[in-house]
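What follows is the residue order along each chain.
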Amino acid sequence: MIDTTAEPLGSICYITLGCAKNEVDTDRMRSLLSAAGYAETDDASAADVALINTCSFLASATEESIEATLELADEVSEGVRGTKIVMCGCVPSRYGDELPAELPEVSAFVRTDEEDAIVGVVDRVLGRERAVPAFVPEVKRTVEGAVAYLKISDGCNRFCSFCAIPYIRGRYHSRPYREIVAEALDLVDAGVRELVLIGQDTGIWGEDFAEDVAGPRNLAGLLRALAAELRGRGVWIRVLYLQPEGMTDDLVSAIRDTPEVLPYIDIPIQHCSARVLKAMNRTGSEEELEALFARLRNEIPGMVIRSTALVGFPTETDEEFERLLAFMDRVGFDYTSVFSYSQEEGTRAARMEGQVDEETKIERAQAAQDLAEALGFAATAAHVGERAPVIVDGIEETEDGVELIGHAWFQAPDSDGAVHLDATEAAVGDIVEVEFTDSFCYELVGHVVR
Ligand code: SF4
């Protein structure tokens, strides 16, 4: 049992780079360190340890992570506490062996699969000895605000030829149902109103369970069971990162018929050309994808669709790229993230013949981005005049004072824009009924009706 009246053992400053999965991982390390007696500070140079959780999804993200670490080292070198730097996450997972020589400023490197041992690492870095617990204590998440990411799986078995994630995060493993529900209930008890289910490949959740594991065994079952546990508490459930093949009839009906689950789907297609998809080590064709999105729109009224497009993949021709644009336009994605292909060390695509030159990649990415914005801005503007519930996320300062910011069910937090509210009389976590009066880019302006 932790003595909460005791002096903290030291203070930690947390810096998170990259995606929502990293936020969840940082949050877990924060909870473990807090349970072990460490306090938190926002000021890195006043901390005993600055913990930086890094991203290595793309070469550019790796560079940014290294730069941020070097800047952090500069910043703490001016402090008086001799702050130690601990680098966690995807960069150590991907480049672990090379890092100690390259980054002598860093006291310890922690791979993603070692993060549950963070207390021992921090103790060691600070020269403290303690008996190592034989188990990892169950800790409560320490989320602030109305939205929380809930990790249902980690790793990936797909090995898309352009992607380094399976080498960084390892093989796919589903999180046990009971653990997911317990964390969801804790988060809702702490005031969370929206749970965003994440993983590299959420659609195959449960498929790796042994035969005798009790409880739901696929994503559709998980959504139904989780929603039942939370029923009556006014919680929204959103699922991100579904792969096209994972959209079974059962999953479509679970999304359609479970009131807590939002009719919002995030399906990264990457491309529509069957030839490019095959070279990416993915499956599907333009016809199959088109049929999938038509089915989703038919079967789930008001369905909002987010996707991801990867342009400039090796051997992608001008014609294939143009077909991708035409496809995006026809399907009319509400939101699309566009990535320009990046030659990632250690991946199969990096060794392929027919790499597309940088100038062409930039041009294609710009054209796809322009289209994504045109579609996204139009989808956002189409909500003007509608009424919908909005979760209040926070208060922002503006030139004219302060305004409340929230997001509607059709906007994934941190990704799809926000709603600017005309009221100041609401608290973070309230769900208010809003009439949308205007839009700009991905943002909406709304009048609080009640
Ligand atoms: S599905 Fe493909 S792109 Fe996504 S994490 Fe797995 S390997 Fe990477």
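Every value quoted in this text rests on a predicted model; they were computed, and no experiment measured them.

Trainee: Provide a residue-level description of the site of the ligand, including the pertinent values.
Mentor: Residues in close proximity to the ligand include Cys-156, Arg-158, Phe-159, Cys-160, Phe-162, Cys-163, Ile-165, Pro-166, Gln-200, Gln-243 and Arg-282, which together make up its full environment. Residues belonging to the shell around the ligand are distributed by class as follows: seven nonpolar, two polar and two charged.

Trainee: Got a sec to walk through the domain arrangement of the chain? Specific residues and values, please.
Mentor: Assigned domains of the chain: these are domain 1 (10-125), domain 2 (147-381) and domain 3 (387-448). A separation of 25 Å is found between the C-alpha centroids of domain 2 and domain 3. Contacts between the two partners involve 21 residues from domain 2, matched on the other side by 22 residues from domain 3. Both sides together, the interface formed by domain 2 and domain 3 hides about 1,700 Å², and carbon and sulfur atoms give 64% of it. Contact with domain 3 buries surface across domain 2, with Trp-236, Tyr-335 and Thr-380 losing the most and accounting together for 33% of the total. Seen at the junction of domain 2 and domain 3, the total is one salt bridge. When the shortest N-O distance is used, the salt bridge between Asp-416 and Arg-306 registers 2.8 Å. At the boundary of domain 2 with domain 3, the tally comes to nine residue pairs in polar contact (both at pLDDT 80 or more). Listed by contribution, the elements that provide at least two residues to the side of domain 2 that touches domain 3 are strand S6 (147-151), strand S9 (194-198), strand S10 (236-239), strand S11 (261-266), strand S12 (304-311) and helix H13 (358-381). For the side of domain 2 that touches domain 3, the residue count by class is 12 nonpolar, four polar and five charged.

Trainee: Provide a residue-level description of the packing of helix H1 (residues 20-35) against helix H5 (residues 118-125), including the pertinent values.
Mentor: Viewed as axis vectors pointing N to C, H1 and H5 meet at an angle of 60°, and their least axial separation amounts to 9 Å. The pairing of H1 with H5 is recorded here as oblique in orientation. The two elements H1 and H5 meet at a crossing, and its hand is right-handed. Contacts from Met-29, Leu-32 and Leu-33 in H1 reach Ile-118, Val-119 and Val-122 in H5. The residue makeup of the contact of H1 with H5, split by class, is six nonpolar, no polar and no charged.

Cut-offs applied
- Residues numbered from 1 in each chain as written.
- Predicted model: local features only at pLDDT ≥ 70, side-chain atom pairs only at ≥ 80, totals over all residues.
- Heavy atoms only, no water.
- Near = heavy atom within 4 Å.
- Nonpolar A, V, L, I, M, F, W, Y, C, P; charged D, E, K, R; others polar.
- Domains from an automatic or database assignment.
- Contact = heavy atoms within 4.5 Å.
- Buried area = accessible area lost by both parts, 1.4 Å probe.
- Salt bridge = Lys/Arg side-chain N within 4 Å of Asp/Glu carboxyl O.
- Polar contact = N/O pair within 3.5 Å; in protein donor to acceptor, adjacent residues only side chain to side chain.
- Helix = DSSP H or I, 4+ residues; strand = E, 2+ residues; numbered from the N terminus.
- Axes fitted to C-alpha atoms, helices over the stretch in contact; angles between N-to-C directions.
- Parallel < 35°, antiparallel > 145°, perpendicular 65-115°, else oblique.
- Left-handed = near helix turned anticlockwise from the far one by under 90°.

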